[in-house]
Amino acid sequence: MDKVYNHKDVEERIYKDWEEKGYFKPEINPQGKPYSIILPPTNANGALHFGHAMYVVEDILIRFHRMKGFSALWLPGTDHAGIETQFVFEKKLREQGKSRLDFKREELYEMIKNYVNENRGGIEKQLRRLGFSLDWSREKYTLDNNVIEIVYDTFKKLFADGLAYRAKRLVNYCTFDGTSFSDLEVVHEERKSLLYYIKYGPLVLATTRPETKFGDTAVAVHPNDKRYKKYVGQELEIETVLGKTKIKVIADESVDPEFGTGVVKITPAHDFNDFETGKRHKLPLKQVIGFDGKMNHYAGKFAGLYVKQARKAIVEEMQAKGLIEKIDENYQNRVGLCYKCRNILEPLPLEQWFVRMEPLAKPAIEAVKSKKIKIYPKGFEKRYFQFLENIRDWNISRQIVWGISIPAWFREWKPTKDIVIMGFHQRTEPQVLSGKTKTYRLRDHDFKVGDKFAFENSQTKKIFGYGTIIDIERTVVGKIPLDDRAHGATYKERKELIEAFKFHKPELGVTEKTKAWIYAYSFGFLREGQVHEIYVGEKKPIGEGWIQDKDTFDTWFSSAQWPFSTLMTNCDCKGSGGFFDKFYPTSVMETGYDILPWWVARMAMVGIYRTGKIPFKNILLHGLVNDPLGKKMSKSKGNVVNPLEIVNQYGADAVRFALIYGNATGNDQSLSYPKLEAARKFTNKLWNMARFIEMQKSKIKNQKLENNLTMEQLENIAKHEKDKEMVKKIGELTEKVTEDLEKYNFNYAAEALYESAWHEFADKYIEDVKNRINENSFLILNSSFLILLKLLHPFMPFVTEEIYQRFKFGKSIMIDRWPSFAKASEGKPSL
RNA sequence: GGACGGUUAGCUCAGCGGUAGAGCGCUUCGUUUACAUCGAAGAUGUCAGGGGUUCAAAUCCCUUACCGUCCACCA
């Protein structure tokens, strides 16, 4: 053995050997109880960063359980990372003087696909460098066909249950990147904005966005504001930069009389608050800013200007016309920025797919409250609840090409002459508009599948949408499902349903046995003159004129399904049942706390919804690795440290140990070079302890001493006081490390191991035994060292394996068993 | 505007009800025949400030300050 441990001679060779021998597969413990972790999917196009290095926690758990005899599965996978990847690619295009707009959708998709394929496999190699015992034969990709199928099925189920619906709403739209984002993806930033006080006829109002005034469809005041009471309900004639126009004054509770002048302009198409106010007062949506970020024709001579330019030009002209009373230059507000390009997001009205969150969030909350899912460290429970309790519907449409296309089809509605009308009570109209796809009837409308009909508001007699019948069920009231989300309304008891029917047809004397018809339909709405039908399914429906939804799913929509989509598409290849049955729910979901709402909470919701079971039993969250000065690593700051360089320099074992040692689970840490150096020295110390023992071996006559003894055997043969003490200490250490690992107290275990190995075993025990070595004490020395190695193996897999193989003539430590200790032995022999 | 986390030795951080801990650094001595090193011994802290609970508080409660993070549609 060399005097110094050289990780470069060891790590690559050993990893290859492990992988070739199939040690990472759960099959190596065929009888074991299942233990499973799904690795958070890494960006297929990405490179390793310290966030990935923290997954060492998962490797520790997997190696620990594998040695304990579990059938342990650690399943890797990669994510197409839609927005991330498309934007990286677009940046490349820009460098070549091109843009995404120069290509057709299909072309762009192919280009990105090729680009990703060229880079794929990179991150997997890097994860191997860290020693991660991932079952690579089971690796999945979010764009694998069978994964996509599962994503489609989930979407279809959501649609059929009335939980996925299409609605035109204001979305956070980045006019630079050309896509909308979910609420979570908006970065809010405090900014100093100019607050303009603008004259609206006799009124003055304050706004930061004078350029949206062309989209104003009202001005609002608080209903109790005495100053303005006389104007409410009036139509004011006002002077604008485009000449005279008229505007209505409304009263709305949402107006804060204290802010500005207490008057606010209502621009439903460009402000989230105003959109809501507009809905309450049935104000028209007047979009004056286009998806290209430019003013449209409503802006008159300002049309074609970008928002910023338009604001400047309009303000100048207003000032010239004396329409601006004053400008407050010290006003602070928060603006929503695109998390990718940092441009200001424009709230724009767009028709998108939304997922109703409340029905999904409730069981996810309940799962944690009832301890079916446990969160570690416990402090994160609050954040989990906070997010789920205040959740809003999730916008899952993205206007990018790199992603899973949405299996939905639209077509323009062409009413036929003999269009049939189906009446809906006024109060059910909102249900239909938000995605109701079933209706119960007591009258046979003589519909056939494929028939078209118009939705009519029975009270106002107005047509508000169209539909095509896709399924008809003839039944009786008593057999109508009460908890049918696709019907919009759900009933707790049959009584309520019968009441509802009586409301519409009192003359029939409805009972459970009354005949009923259930019509399921695809639906389309009348909106601003546009009419279209919606159909959900992968295949183009029969009929003319269907066009597929051009959008793709939010990447997190597929990620949210990762625990079951990976397991449903994997098997143990012996035909004895799929991985889903065996490994779902997974044992632990381990990831950085920063994606708790983005990913973990959504997995909990979607997992429970789709499979009826929790997706994982435990949530374990690790902290962030900051730069040595404690600042968050980021490309823009230029302080990103490449973990591979650190691995090259210190060895994977040292990097792993340094990340665990002295850092409480879930806490952030700063990358510490002294700690890395200390960990490197620790690997070297272990190496030299082994070297010392090897040297002693030659002094011993009995050469059969290579076999390690169990704790029980050691206890029996220890004669010398110091030997007995050592055996006792090793037993206690085994117990402590086992407990700490089971409780996810990785740092405790690492610290105890470091302390015991170095300061007890090496400094005290070896120093003592050195001068009195004989066959008996050598056995103790050798065997307790091997136990130490096994305890250390989950943390430092490479050195421990290299030494172990030398001691055991090539046998792997990975297929040895975790040491058991007399006191709390699980009743299994330790070898 | 809400919420969470942090504030402990020069530095990086553990500890979270029972007389202050680790790594690195520092001081002294020793070793260089397991250890590009290692060992032995040592110094160093009103555990952010204030108040409270307790026989006992770095550890629980309240409060203040500073730092950090997350969430939130105020023109």
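Throughout this description, residue numbers start from 1 for each chain and increase along the sequence as written. Lettering for chains starts from A, numbering for ligands starts from 1, and both go in the order in which the items are written. With the structure being a predicted model, the display of local features is reserved for residues of pLDDT at least 70 and the display and counting of side-chain atom pairs for 80 or more, all residues being used for whole-chain, interface and lining totals. Hydrogens and water are ignored here; the side-chain numbers use all heavy atoms of the structure.

A run of DSSP states H or I qualifies as a helix once it reaches four residues; a run of E qualifies as a strand once it reaches two. Both are numbered from the N-terminal end. A count of helical and extended segments in chain A gives 25 helices and 31 strands. Its C-alpha atoms give chain A principal-axis dimensions of about 105 × 75 × 50 Å. A buried classification covers 56% of the 831 residues belonging to chain A. In this description, contact between two residues means that some pair of their heavy atoms is separated by no more than 4.5 Å. Here the contacts in chain A between residues at least 6 apart in sequence split such that 78% fall between residues at least 24 apart. When the accessible area of chain A is evaluated, it comes to approximately 37,000 Å², of which 50% is carbon and sulfur surface. The convention is simple: Lys and Arg are positive, Asp and Glu are negative, and His and the chain ends are not counted. Taken as the charge centre is NZ of Lys, CZ of Arg, CG of Asp or CD of Glu, depending on the residue. In chain A, the 130 positive side-chain charges and the 112 negative ones have mean positions that sit 1 Å from each other. Only protein chains enter the accessibility calculation, which uses a 1.4 Å probe; a residue whose area is less than 20% of its type maximum is buried, one above 50% is exposed, and one in between is partly exposed. Note on areas: these come from Shrake-Rupley sampling with a 1.4 Å probe, and a residue is covered only by the protein chains present in the view.

Attention now moves to the confidence of the model for chain A. Residue-level pLDDT values for chain A average 85, and 95% of them are 70 or greater. Values of pLDDT, ranging from 0 to 100, describe the predictor's confidence in every residue of the model. Segment residues 822-831 is flagged for pLDDT under 50; beyond a separation of four residues in sequence, or across chains, it makes 13 contacts in the model. Overall fold confidence (pTM) sits at 0.84, and the ipTM for the predicted complex is 0.90.

Turning our eyes to something else, we now look at the pattern of salt bridges. Between Lys or Arg on one side and Asp or Glu on the other, a salt bridge is scored when a side-chain nitrogen of the former is within 4 Å of a carboxyl oxygen of the latter. Applying the stated criterion across every chain yields a total of 42 salt bridges. The partner of Lys-156 in a salt bridge is Asp-153, with the nearest N and O atoms 3.7 Å apart. One end of the pair is Lys-156 and the other is Asp-153, both in helix α7 (residues 145-160) and 3 residues apart, which spans about a single turn. Overall, Lys-156 belongs to the partly exposed group, its relative accessible area being 28%. A relative accessible area of 33% means that Asp-153 is categorised as partly exposed. Among the salt bridges present, the one from Asp-723 reaches Arg-772, with a minimum N-O distance of 2.8 Å. With Asp-723 in helix α22 (residues 721-742) and Arg-772 in the loop between α23 (746-769) and α24 (775-792), this pair connects stretches of sequence that are 49 residues apart. Taken individually, Asp-723 and Arg-772 each receive the classification buried, so the pair is uniform in this respect. Through salt bridges with shared partners, one network takes in Arg-209, Glu-211, Arg-311 and Glu-346.

Throughout, the protein atoms alone are placed on a 1 Å grid, and a set of points is a cavity if a 1.4 Å probe fits but cannot get out or a pocket if it is open with protein on both sides within 12 Å along at least five of seven lines; lining residues have an atom within 4 Å of a point. Grid points are joined across faces, edges and corners, and a volume is the space filled by probe spheres set on the points. Scanning the model with the defined rule gives 3 cavities of 30 Å³ or more in all. Met-54, Val-57, His-622, Leu-659, Ile-660, Asn-663, Ala-664, Thr-665, Gly-666, Phe-746 and Asn-747 together form the lining of the largest cavity. Going through the elements one at a time, α19 (652-660) and α23 are the ones with two or more residues in the lining of the largest cavity. Among the residues forming the lining of the largest cavity, the class breakdown is 6 nonpolar, 5 polar and no charged. Under the scheme applied here, ten amino acids are nonpolar (Ala, Val, Leu, Ile, Met, Phe, Trp, Tyr, Cys and Pro), four are charged (Asp, Glu, Lys and Arg), and all others, including Gly, are polar.

Moving on, we get to the nonpolar core. Core analysis: the largest hydrophobic core is formed by 103 residues, its most contacted members being Phe-761, Phe-785 and Phe-795. Considering every element that reaches this core, the biggest residue donor is α23, with 13 residues. Not counting chain neighbours up to four residues away, the residues in contact with Phe-795 comprise Ile-60, Asp-653, Arg-656, Phe-657, Ile-660, Leu-741, Phe-746, Ala-749, Ala-750 and Leu-753. The next biggest cluster of nonpolar side chains, apart from the first, holds 90 residues, and it includes Leu-73, Leu-158, Phe-564 and Leu-567. Grouping buried Ala, Val, Leu, Ile, Met, Phe, Trp, Tyr and Cys residues that are joined through side-chain atoms within 4.5 Å yields what is termed a nonpolar core.

Turning next to the environment of Arg-128. By the secondary structure assignment, Arg-128 is in helix α6 (residues 122-129). For the pair formed by Arg-128 and Glu-12, sequence separation is 116 residues and the distance between their alpha carbons is 8.6 Å. Contacts of Arg-128, omitting those with residues within four sequence positions, involve Tyr-15, Glu-19, Trp-136 and Phe-798. What qualifies as a polar contact is a pair of N or O atoms within 3.5 Å, subject to a donor-acceptor requirement within protein and to the restriction that residues adjacent in sequence count only when both atoms come from side chains. Separated by 2.9 Å, the side chains of Arg-128 and Glu-19 make a polar contact.

Among the 11 residues of strand β6 (residues 164-174), 9 are classified as buried, and the element is accordingly described as predominantly covered. Direction of pairing for β6 relative to strand β15 (residues 346-355): antiparallel, over a ladder of 10 bridges. Within β15, the position partnered with Asn-172 by the bridge is Pro-347. Should DSSP find at least two bridges between two strands, the strands are regarded as paired. For β6 and strand β7 (residues 179-181), the ladder comprises 3 bridges, and the chain directions are antiparallel. Of the residues in β7, the one forming a bridge with Asn-172 is Phe-181. Between the antiparallel neighbours β6 and β7 lie 4 residues, among them Gly-178 with a positive phi of about 70°.

Any two aromatic rings considered together are summarised by their centre-to-centre distance and by the angle between their planes. Two aromatic rings from Phe, Tyr or Trp, using only the six-membered ring of Trp, form a pair when their centres are within 6.5 Å; if the ring planes differ by under 30 degrees the pair is stacked, by over 60 it is edge-to-face, and anything between is tilted. The full count for this structure, using the stated rule, is 45 aromatic pairs. Aromatic pair Tyr-5 and Trp-687: ring centres 5.3 Å apart, planes at 45°, arrangement tilted. You can see Tyr-5 sitting in the segment before α1 (7-21) and its partner Trp-687 sitting in helix α20 (residues 673-697), a full 682 residues away along the chain. Taking the relative accessible area as the measure of exposure, Tyr-5 reaches 9% and is therefore buried. Among the aromatic residues, those joined into a ring-pair cluster are Phe-155, Phe-159, Trp-353, Trp-394, Phe-553 and Phe-557. Taking NZ or CZ as reference, Arg-63 lies 4.5 Å from the ring centre of Trp-18, over its face. Either the NZ atom of lysine or the CZ atom of arginine qualifies as a charge over a ring when it sits within 6 Å of the ring centre and within 35 degrees of the ring normal.

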